[in-house]
Amino acid sequence: MPVDVSMQVLVVDDYKTMIRIIRNLLKQLGFENVDDAADGSEALQKMQEKKYGLVISDWNMEPMTGYELLKEVRSDDGLSRTPFIMVTAESKTENVIAAKKAGVNNYIVKPFNAATLKNKIDAVFDD
Amino acid sequence: MAAQTAQLDPKRVEEIAKYLKKGRDGDIALKDVMVLAELMVGSMQSFFEALDSSVYTELREIADYITGAKDEIRNLQANDIKNNRIPEAGKELDAIVQSTEEATNTIMEQAEMLMSADTSDTEAFQAQVNDAVMQIFEACSFQDLTGQRISKVVETLNFIDHRISRLAEVIGGGDAETHLTDLEAASEKRKENLILNGPQSAEDAISQDDVDNMLNGGSEGDSANAPSQDDIDALFD
C-alpha cells in the first residue's frame, strides 16, 4: 500500500541544517506537510497539540533526547501508536538495541541518503 | 635508608659495659651518672653522624626532585596554554563550524533553487544551472581552510600532550583515581543513562546493513560490535 504523503510529519533535530536536509528529502518524496522541533521536549509539546502520522527524530539533543522522546511517546496512550524513526549518528549496537526495546519502528544511521530514508519510511508503513 | 645501617661505636659500648660491671655499693653518685652519660653520648656519635649524612642526602634528593618538577611545570607553560593556545584553538573550531555552516547553506540554497527552477526556458535554465554550479564550487573551497584550521588545533593538542607526558614522566607513579566534580559526574551519568556515545569512527560504527539485520532478526554481520545472541533474542521476546 503506498504511503500517504499528505500525512503530517514531525522532524526533530537540534541542527537546522539537518532539518533542512530531511525536509528537502521528504519534499522530494512527496511529503509537503512537515513540521520541525529542536529537541524532544519541543517535539512532545507539538505532538500533544497536533496529530502526526510520522516522527523522524535525532537521538542526541538537549535538554530532551530522541531516546527520551521515544519512551515518552510510547508511554502516552494517545501517542503510543505514532510511527517513530530514529535518524542518528549514534551507531553503536547498544543504541540500536535500546531503541528497539523502547519501541522504535526503524533506525537510520547518519550519514544517510534519500533512498535509505524512503526505504525505511516504506518499511514502517508496510508493517 | 642509610641511617638504618649506622652502628653504635663498639669500643664505646664495651666501655659502658665495663663501667656497669664494676662492683658498686650503695647509692649511685652524680659522678657515675655523668660518666655514664658521657660514655653513652660517645657511643652514639657515629650513629648521629651517619644519620645526619643520610638525612642530608635524602633531603638533597627531595630538593632535586622538587626543582625538577618545578622546571617541568614551568616548561608546561600552563599560562600560555590557558591564555593563548586553548582560546586560539577554540576560535579555530568556532571558525570551522561557521565556515562549514556557511558552505552548507550556500550549497543547499543553490540546490533548492535548482529544484524549484523554471525549466521552460532552456537558455535561462542553463544559465541558472551554470551560476549555481559555480557557487557550489566556490563554497566547497571551505575544505582547504578547514583542513588548515584543524591542523592548528591538532598542533595545540600535540603541544599539550607532549608537555603533560613529560611532567607525568618526571613525577612518576600511576594515575590517581579520577575525582569528578558534581557537574562532571552528573554529565557522565546522563551520557550513560541515555546511551549518548556520539558519532563513532568508521571501524567502531555499525553499518546501516547491520542495523537492518538487527531490526529484522538477522545476524550482525562482521561488525566488531556484534551483539550476543542473547541480546538479539531479547529484542524479540
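Parameters at a glance
- Residues numbered from 1 in each chain as written.
- Chains lettered and ligands numbered in written order.
- Predicted model: local features only at pLDDT ≥ 70, side-chain atom pairs only at ≥ 80, totals over all residues.
- Helix = DSSP H or I, 4+ residues; strand = E, 2+ residues; numbered from the N terminus.
- Buried ≥ 20, exposed ≤ 12 C-beta atoms within 10 Å, placed from the backbone.
- Contact = placed C-beta atoms within 7 Å.
- Nonpolar A, V, L, I, M, F, W, Y, C, P; charged D, E, K, R; others polar.
- Core = buried A, V, L, I, M, F, W, Y, C linked by C-beta atoms within 7 Å.
- Axes fitted to C-alpha atoms, helices over the stretch in contact; angles between N-to-C directions.
- Parallel < 35°, antiparallel > 145°, perpendicular 65-115°, else oblique.
- Left-handed = near helix turned anticlockwise from the far one by under 90°.
- Pairing = 2+ DSSP bridges.
- Right-handed = clockwise from strand over helix to strand, strands pointing away.

Peer 1: Sorry if this is basic, but what is going on with the overall build of chain B here?
Peer 2: The number of helices and strands found in chain B is eight helices and zero strands. Walking chain B from its N terminus toward its C terminus, one meets helices and strands in the order α-α-α-α-α-α-α-α. A buried classification covers 5% of the 237 residues belonging to chain B. A sequence separation of at least 24 residues applies to 68% of the contacts in chain B between residues at least 6 apart.

Peer 1: Looking at this model, I keep getting lost on the interface of chain B and chain A. Mind explaining?
Peer 2: It is common to give the size of an interface as the accessible area that goes away when the parts come together. Listed per partner, the contact involves 21 residues of chain B and 24 residues of chain A. Of all elements in the fold, only helix H3 (78-115), helix H7 (208-215) and helix H8 (229-235) of chain B reach the threshold of two or more residues within the side of chain B that touches chain A. Residue composition of the side of chain B that touches chain A, grouped by class: 12 nonpolar, six polar and three charged.

Peer 1: Would you mind going over the nonpolar core with me for this structure?
Peer 2: Within soluble globular proteins, side chains that are nonpolar generally end up buried alongside one another. The biggest cluster of nonpolar side chains holds 37 residues, and the ones touching the most others in it are Val-9, Leu-10, Val-55, Ile-56 and Met-86 of chain A. Setting aside its immediate chain neighbours within four residues, Met-86 of chain A contacts Ser-57, Trp-59, Gly-66, Ala-99, Val-104, Tyr-107 and Ile-108 of chain A.

Peer 1: How do you make sense of the environment of Ala-17 of chain B when you look at a structure like this?
Peer 2: Here Ala-17 of chain B is to be found in helix H1 (residues 10-21). Residues Ala-17 of chain B and Leu-36 of chain B, 19 residues apart in the sequence, show an inter-C-alpha distance of 9.9 Å.

Peer 1: Explanation requested: the packing of helix H2 (residues 40-49) of chain A against helix H3 (residues 66-75) of chain A in the structure shown.
Peer 2: Geometrically, a packed helix pair is captured by the angle between its two axes and the distance between the axes. Residue and element names in this part refer to chain A. Look at H2 against H3: their axes get within 9 Å of each other, and the N-to-C directions meet at 30 degrees. The angle between H2 and H3 places the two elements in the roughly parallel class. Relative to H3, H2 is oriented so that their crossing is right-handed. Every residue of H3 that contacts H2 at Gly-40, Ala-43, Leu-44 and Met-47 is listed here: Gly-66, Glu-68, Leu-69, Glu-72 and Val-73. Taken together, the residues that form the contact of H2 with H3 break down as five nonpolar, two polar and two charged.

Peer 1: Could you clarify how one ought to interpret the pairing of strand E5 (residues 106-109) of chain A in this entry?
Peer 2: Where a strand is regular, its side chains alternate between the two sheet faces. Residues and elements named next belong to chain A. Along E5, one buried face is formed by Asn-106 and Ile-108 and the opposite face, lined by Tyr-107 and Val-109, is buried too. Examined bridge by bridge, strand E4 (residues 84-88) and E5 share four bridges and lie parallel to one another. Of the residues in E5, the one forming a bridge with Val-87 is Ile-108. Each parallel crossover has a hand, and the one from E4 via helix H4 (residues 93-102) to E5 is right-handed.

Peer 1: I would appreciate a short explanation of the sheet that holds strand E2 (residues 34-37) of chain A in the present structure.
Peer 2: For sheets, the rule is that strands pair by backbone hydrogen bonds, running either parallel or antiparallel. Residues and elements named next belong to chain A. The five strands are arranged E2-E1-E3-E4-E5 in an open sheet whose pairing can be described as parallel. For this open sheet the edge positions go to E2 and E5, each flanked by a neighbour on one side alone. Along the sheet, successive strands turn relative to each other by an average axial angle of 20 degrees, direction set aside. Where strand E1 (residues 9-12) meets E2, four bridges bridge the pair, whose relative direction is parallel. Bridge assignment links Val-12 to a residue of E2, and that residue is Ala-37. Along the sheet, helix H1 (residues 16-28) makes contact with E1, E2 and strand E3 (54-57), crossing E1 at roughly 155 degrees. Across the face of the sheet, H2 comes into contact with E1, E2 and E3 while running at roughly 165 degrees to E1.

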